[in-house]
Amino acid sequence: MTAPLFRAVVLTLFPEMFPGPLGMSLAGKALADGIWSLEALDIRGFARDKHRSVDDTPMGGGPGMVMRPDVLAAALDSATTQVGPDVPRVYLSPRGRRFDQAMAQRWAAAGGVVLVCGRFEGVDERVIEARGLEEVSLGDFVLAGGEIAAMACLEAVVRLLPGVMGEAASLAEESFAAGLLEYPQYTKPRVWEGREVPEVLVSGHHGAIAAWRRGEAERITRARRPDLWEGYAARSRG
Ligand code: SAH
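It should be emphasised that the depicted structure is a prediction, and the values quoted were computed from it without experimental measurement.

What counts, and where the lines are drawn
Residues numbered from 1 in each chain as written. Predicted model: local features only at pLDDT ≥ 70, side-chain atom pairs only at ≥ 80, totals over all residues. Heavy atoms only, no water. Helix = DSSP H or I, 4+ residues; strand = E, 2+ residues; numbered from the N terminus. Buried < 20%, exposed > 50% of the residue type's maximum accessible area, 1.4 Å probe, protein only. Contact = heavy atoms within 4.5 Å. Near = heavy atom within 4 Å. Polar contact = N/O pair within 3.5 Å; in protein donor to acceptor, adjacent residues only side chain to side chain. Areas by Shrake-Rupley, 256 points an atom, 1.4 Å probe, with all protein chains shown as cover. Expected span 1.5 Å × (residues − 1). Core = buried A, V, L, I, M, F, W, Y, C linked by side-chain atoms within 4.5 Å. Domains from an automatic or database assignment. Disulfide = S-S within 2.5 Å. Pairing = 2+ DSSP bridges. Axes fitted to C-alpha atoms, helices over the stretch in contact; angles between N-to-C directions.

**Q** What is the right way to read the overall build of the protein from this model?
**A** Assigned secondary structure in the protein consists of eight helices and nine strands. By its C-alpha atoms, the protein is 70 × 45 × 40 Å across when sized along the principal axes. Among the 238 residues that make up the protein, the fraction classed as buried is 41%. Sequence-distant contacts, at least 24 apart, represent 74% of the contacts inside the protein between residues at least 6 apart.

**Q** How should the site of the ligand be read in this particular structure?
**A** For the ligand, the set of nearby residues contains 19 residues, the closest of which are Y91, L92, G118, F141 and L143. Within the backbone of G145, one N or O atom sits 3.3 Å away from an oxygen atom of the ligand. Within the complex, the protein chains bury 85% of what would otherwise be the 560 Å² of accessible surface of the ligand.

**Q** What should I look at first to understand unusual backbone geometry in this one?
**A** Here the amide bond leading from F18 into P19 is cis, since omega sits at 0 degrees, within 30 degrees of zero. Note that the residue after K188, namely P189, is joined by a cis bond; omega there is 0 degrees. Secondary-structure assignment places P189 in the loop between α6 (168-173) and β8 (191-192). One non-glycine residue with positive phi stands out, namely F120, at about 60 degrees. Tracing the sequence through the fold places F120 in the loop between β6 (112-117) and α4 (125-130). In the Ramachandran plot, E193 falls in the positive-phi region, its phi being about 50 degrees despite a non-glycine side chain. Within the fold, E193 resides in the loop between β8 and β9 (195-196). Assessed through its relative accessible area of 64%, E193 is described here as exposed.

**Q** Just to check I follow, could you spell out helix α5 (residues 147-158) for this structure?
**A** It helps to recall that an α-helix has 3.6 residues per turn; residues three or four apart then point in one direction. Its 12 residues place the ends of α5 16 Å apart at the C-alpha level, agreeing with the 16 Å of an ideal helix rising 1.5 Å per residue. Of all 12 residues making up α5, nine are buried, and the element is well covered by its neighbours. The complete set of buried residues in α5 reads E147, A149, A150, M151, C153, L154, A156, V157 and V158. Each element contacted by the buried residues of α5 is listed here: β1 (6-12), α1 (25-32), β2 (36-42), β5 (89-98), α3 (101-110) and β6.

**Q** What am I meant to see in the nonpolar core here?
**A** Buried together is how nonpolar side chains tend to be arranged in soluble globular proteins. Among the nonpolar cores identified, the biggest contains 33 residues, and F6, W36, W107, L115 and L154 are the most heavily contacted of them. Among the secondary structure elements, those contributing two or more residues to this core are β1, α1, β5, α3, β6 and α5. Beyond its immediate sequence surroundings of up to four residues, F6 is in contact with I35, W36, S37, W107, A108, G111, G112, V113, L154, V157 and L161. A73, L76, V87 and I128 belong to the second-largest nonpolar core, a separate cluster that totals 24 residues.

**Q** Where do I start with the domain arrangement of the protein in this structure?
**A** A common way to express how large an interface is: the accessible area buried when the components associate. Taken domain by domain, the protein comprises domain 1 (6-158) and domain 2 (168-237). The centre of domain 1, based on its C-alpha atoms, is set 35 Å off from the matching centre of domain 2.

**Q** Looking at this structure, how should I read the state of the cysteines?
**A** Counted under the stated rule, the structure contains zero disulfides. Unpaired in terms of disulfides, C117 finds its nearest cysteine sulfur in C153, a separation of 9.5 Å. On the basis of relative accessibility, which here comes to 0%, the residue C117 falls in the buried class.

**Q** How should the sheet that holds strand β7 (residues 134-137) be read in this particular structure?
**A** The strands that make up a sheet pair up through hydrogen bonds in the backbone, lying either parallel or antiparallel. The strand order across the open sheet built from five strands is β2-β1-β6-β5-β7, with neighbouring strands paired in parallel fashion. Each having just a single partner strand, β2 and β7 make up the two edges of the open sheet. Strand-to-strand twist across the sheet, computed as the mean angle between neighbouring axes with direction ignored, equals 35 degrees. Pairing of β1 with β6 involves five bridges; the strand directions are parallel. Its bridge partner being in β6, V9 is matched across the sheet by V114. Along the sheet face, helix α2 (residues 69-83) touches β1, β2, β5 and β6 and points at about 170 degrees away from the line of β1. Strand contacts of α5: β1, β2, β5 and β6, with the helix running at about 175 degrees to β1, the strand carrying the most contacts.

Now the structure itself:
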């Protein structure tokens, strides 16, 4: 078998959570086909004391526990020897830059990623600095751990890999690809609960359909995401 196009190493205290949902459907089939690989590395396996402790109380006091830098760094260094130094190394964190489609494309192109999942109050700041971890957030809310965030990011990346989606054309048209949200989709039946599919979509006129879809994508983006719209409009003006 040829080497996978994308290699993910996830550092976690709960390796049994993986592949989880990533073992199903599109991502699961691609994993089974060897298009990408996934290793869940147990951080606890790098603990050195007799209790195999991975966390300790926060310096300066306060609630909860903090993940130790020495244990995490040992796990990270092991992951780096597996995937090489050139792939992004990321700590999933609510303080990070918001994950988006452009980041998914960048990771896919890099051929791999190392993802650190925090638990408790998070990780010792020094390991983020010392290993140059990029902080990436799933959104402005707090999860109990980085695992579900890691899965969400990986699913977004894997569907971009060549051979994963049936039709490459559907990637080019979907939300964010052109800086717009997607146009509305319809299928059969043509009339449902008295609601008809827009006439143009059954006209068979490809030019008119494309123009309608573009117009709808613009209308929806402008109404729902002024931030995206501004960028799109600026680029259209050239
Ligand atoms: N005390 C931290 C939150 C810790 S939550 C703070 O206030 O910033 C525990 C772990 O869950 C974090 O270490 C992180 O890995 C993960 N996590 C929580 N929210 C997240 C989010 N929005 N995006 C990505 N990871 C998140």
